[in-house]
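# Coordinates in review
Listed below are the residues making up each chain.
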Amino acid sequence: LEVLPLAEDIPIVHNSCRAGRRSIGWRSDKECEIAWVEAQDGGDPRIEVSPRDIVYTLCADDAQGEPEQLISTDFRFGGIQWGDDKLALVYESWYKTRRSIMSRFSPGDRAAAPTVVFDRYYEDVYTDPGSPTTRRLTSGDYVLATFEGGKKLLLMGSGHRPEGKQPFVDLFDIETGEKQRIWESSPPHLEYPVSIMEPPSDEELTMDGISLLISRETPKDPPQYYVLKYPDPFNTTEPPTENLITDFPHPYAKLRDLQKEIIQYEREDGTPLTATLYTPPGYDSERDGPLPTLLWAYPREFKTKEAAGQLRDSPYRFSGIGPSSPLLHLARGYAVLDGPTMPIIGEGDAEPNDTYVEQLTSSARAAVEEVVRRGVADPARIAVGGHSYGAFMAANLLAYAPELFCCAIARSGAYNRTLTPFGFQAEERTVWEAPETYMKMSPFMVANKIKKPILLIHGEEDNNTGTFPMQSERFYSALQGHGATCKLVLLPHESHSYRGKESILHGLYEMCEWLDMFCAQRKELPDNEDGVAREPEDKAASKVGSSS
């Protein structure tokens with residue numbers, strides 16, 4: 001029995017973990033063997049040590065026995081997929097280099113060294129080989145699905161590529177590294193492999209007559225599920241038979257004909273960017289002219305331009321609309337630029353956030369210029385919005401690139417980075433190590449520069465450590481004190497994401513009112529002499545108060 005103290009001293013840095021035993025769990029391929037991991041660096045990745053993690057096992061039949069070492073890793077341990085005594089897969093990764101390693105080893109031969117199967121840069125999605133599938137035992141546990149005496153695995157992958165992702169299933173020889181593609185998504189559909197459809201068994205599977213569960217969707221048709229059954233004996237020259245097992249209706253038929261396009265463009269430093277541009281059903285830019293537009297985004301950090309510029313979507317993906325999705329505004333006549341990439345890149349030893357503002361505004365400017373060039377967006381009626389780190393982005397863009405946007409919507413964001421002093425997102429430095437970066441990135445510190453209207457929405461009981469409600473409350477006070485047009489909406493009993501029907505509907509109401517007031521109406525409003533948009537006198541005062 002292990003009694004662990006509170007994990008109150010975990011270093012605040014990526015790849016850190018608690019000291020002592022962690023990741024304690026049963027081996028899924030054994031009836032009574034438990035496994036766990038112990039860090040050899042005390043949980044602090046800044047300490048140079050080899051090995052960094054050691055996996056131990058103990059048979060529950062001999063609870064008083066001594067633990068046995070199973071395997072060790074030089075990077076931070078990420079998990080084990082159990083197969084049997086001849087095969088298991090161990091995962092390890094290192095954040096600083098974005099490197100991940102998958103190795104195979106024999107749990108029954110602990111003296112044998114593991115063999116590396118994949119060693120790759122995990123930000124590069126174009127080279128992702130996929131993940132091994134599992135099968136169900138009669139006990140209900142899941143183990144690796146192996147074939148031909150444990151020599152082969154089935155890999156299911158997303159199939160990212162420059163023209164859009166194309167998921168696949170490969171039969172992979174773990175000894176030679178050879179792959180045989182047995183299935184691939186076929187345009188104009190987007191299809192995903194889901195799982196092997198075989199009854200629970202303690203015997204190894206065979207490819208003869210094997211069945212796979214897949215989903216299939218198009219931009220206008222929701223995902224439906226099919227069972228593919230391969231011939232017996234197995235061969236890839238004869239296509240599998242298909243059996244449709246679902247018939248889900250379209251969840252919002254009135255928007256079935258919404259128009260969707262993945263657009264590609266570049267920012268000024270040459271970094272390739274992508275976004276998904278949505279327009280209302282029946283819209284024609286030449287006939288109907290430019291529309292009020294909502295840009296909704298979330299920045300991400302990368303180590304290289306190449307990884308940042310990779311396409312991570314598919315033109316054939318179904319346009320799913322959630323209860324808080326920006327796509328809901330398509331029904332109200334807006335265009336929506338969803339998910340424009342906002343990469344913050346730090347190559348080599350460079351820290352990405354040291355140039356956060358410059359890279360963010362450059363990406364936003366490139367996105368705005370592209371939708372204006374296409375004749376879809378009215379440059380005077382483009383709003384920016386986001387949730388969490390996207391809200392942080394929206395506030396920064398109003399401060400540092402006010403000429404691009406007419407207003408902003410910021411939900412559940414953090415605006416004063418000194419309140420997250422030990423790091424945030426991919427930032428590992430503390431505020432004491434990089435005070436200038438923290439200050440420059442904080443919209444709270446430049447609240448006096450924000451002149452365009454901004455709507456703040458926050459869950460009143462947000463327990464996300466980086467986005468306590470105080471972030472919005474203090475930012476609102478700073479904006480209000482400088483005479484900005486702003487509104488704070490606090491949603492009772494809600495956390496970082498909103499769940500209650502009343503909260504979701506009220507949040508949508510506030511967003512709709514804000515966009516109608518400061519985005520849809522701006523076409524008729526000339527700017528004042530100081531370049532700040534004039535507000536419609538019948539709809540807005542100089543300041544909009546707080547509500548909850």
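Model, not experiment: these values are computed from the prediction.

## Thoughts on the overall build of the chain
The secondary structure content of the chain amounts to seven helices and 29 strands. The globule rule puts the C-alpha radius of gyration for 548 residues at 24 Å, and the 26 Å found for the chain is close to it. By its C-alpha atoms, the chain is 80 × 55 × 45 Å across when sized along the principal axes. When the 548 residues of the chain are sorted by exposure, 53% land in the buried category. Restricting to contacts in the chain with at least 6 residues of sequence separation, those with at least 24 account for 58%. Only carbon and sulfur atoms are counted for the fraction: they give 49% of the accessible area of the chain, which is about 25,300 Å². Computed over 57 positive and 85 negative side-chain charges, the inter-centroid distance for the chain is 4 Å.

## A few points about the pairing of strand 1 (residues 21-26)
Pairing geometry for strand 1 and strand 2 (residues 33-39), over four bridges, is antiparallel. Residue W26 lies in a different strand from strand 2, and its bridge partner there is I34. The hairpin turn running from strand 1 into strand 2, its antiparallel successor, is six residues long.

## Notes on the side chain of T246
Position of T246 among the secondary structure elements: in the loop between strand 19 (241-244) and strand 20 (259-266). The buried category is assigned to T246, whose relative accessible area is 16%. There is a polar contact of 2.9 Å between the side chain of T246 and the side chain of Q224. Beyond its immediate stretch of four places on either side in the chain, T246 contacts Q224 and Y225.

## Looking at the nonpolar core
One broad trend across soluble globular proteins is that nonpolar side chains are buried collectively. Membership of the largest hydrophobic core comes to 58 residues, with the highest contact counts inside it found for F405 and I454. A per-element tally of this core places helix 4 (residues 389-400) first, with nine residues. If sequence neighbours within four positions are ignored, I454 has contacts with A395, L398, A408, A410, F475, L479, T485, C486, K487 and W514. Membership of the second largest hydrophobic core comes to 20 residues, among which are A383, I504, M511 and M517.

## Points about the side chain of S314
When you line up the elements, S314 lands in the loop between helix 2 (305-308) and strand 24 (335-338). Among the polar contacts made by the side chain of S314, one reaches the main-chain amide nitrogen of Y316 at a distance of 3.0 Å. S314 has contacts with G164, K165, L190, K260 and I262, leaving out every residue within four places of it along the chain.

## With respect to the domain arrangement of the chain
One frequently used descriptor of interface size is the decrease in accessible area upon assembly of the parts. What the domain assignment reports for the chain is domain 1 (1-124), domain 2 (153-249) and domain 3 (259-519). Here the C-alpha centre of domain 3 lies 36 Å away from the C-alpha centre of domain 2. Domain 2 puts 17 residues into the contact, and the matching count from domain 3 is 10 residues. Taken together, the links from domain 2 to domain 3 amount to zero salt bridges. Residues of the side of domain 2 that touches domain 3, tallied by class, amount to seven nonpolar, four polar and six charged.

Cut-off values and rules
- Residues numbered from 1 in each chain as written.
- Predicted model: local features only at pLDDT ≥ 70, side-chain atom pairs only at ≥ 80, totals over all residues.
- Heavy atoms only, no water.
- Helix = DSSP H or I, 4+ residues; strand = E, 2+ residues; numbered from the N terminus.
- Rg over C-alpha atoms; globule rule 2.2 N^0.38 Å.
- Buried < 20%, exposed > 50% of the residue type's maximum accessible area, 1.4 Å probe, protein only.
- Contact = heavy atoms within 4.5 Å.
- Areas by Shrake-Rupley, 256 points an atom, 1.4 Å probe, with all protein chains shown as cover.
- Lys, Arg positive; Asp, Glu negative; His and termini not counted.
- Charge placed at Lys NZ, Arg CZ, Asp CG, Glu CD.
- Pairing = 2+ DSSP bridges.
- Polar contact = N/O pair within 3.5 Å; in protein donor to acceptor, adjacent residues only side chain to side chain.
- Core = buried A, V, L, I, M, F, W, Y, C linked by side-chain atoms within 4.5 Å.
- Domains from an automatic or database assignment.
- Salt bridge = Lys/Arg side-chain N within 4 Å of Asp/Glu carboxyl O.
- Nonpolar A, V, L, I, M, F, W, Y, C, P; charged D, E, K, R; others polar.

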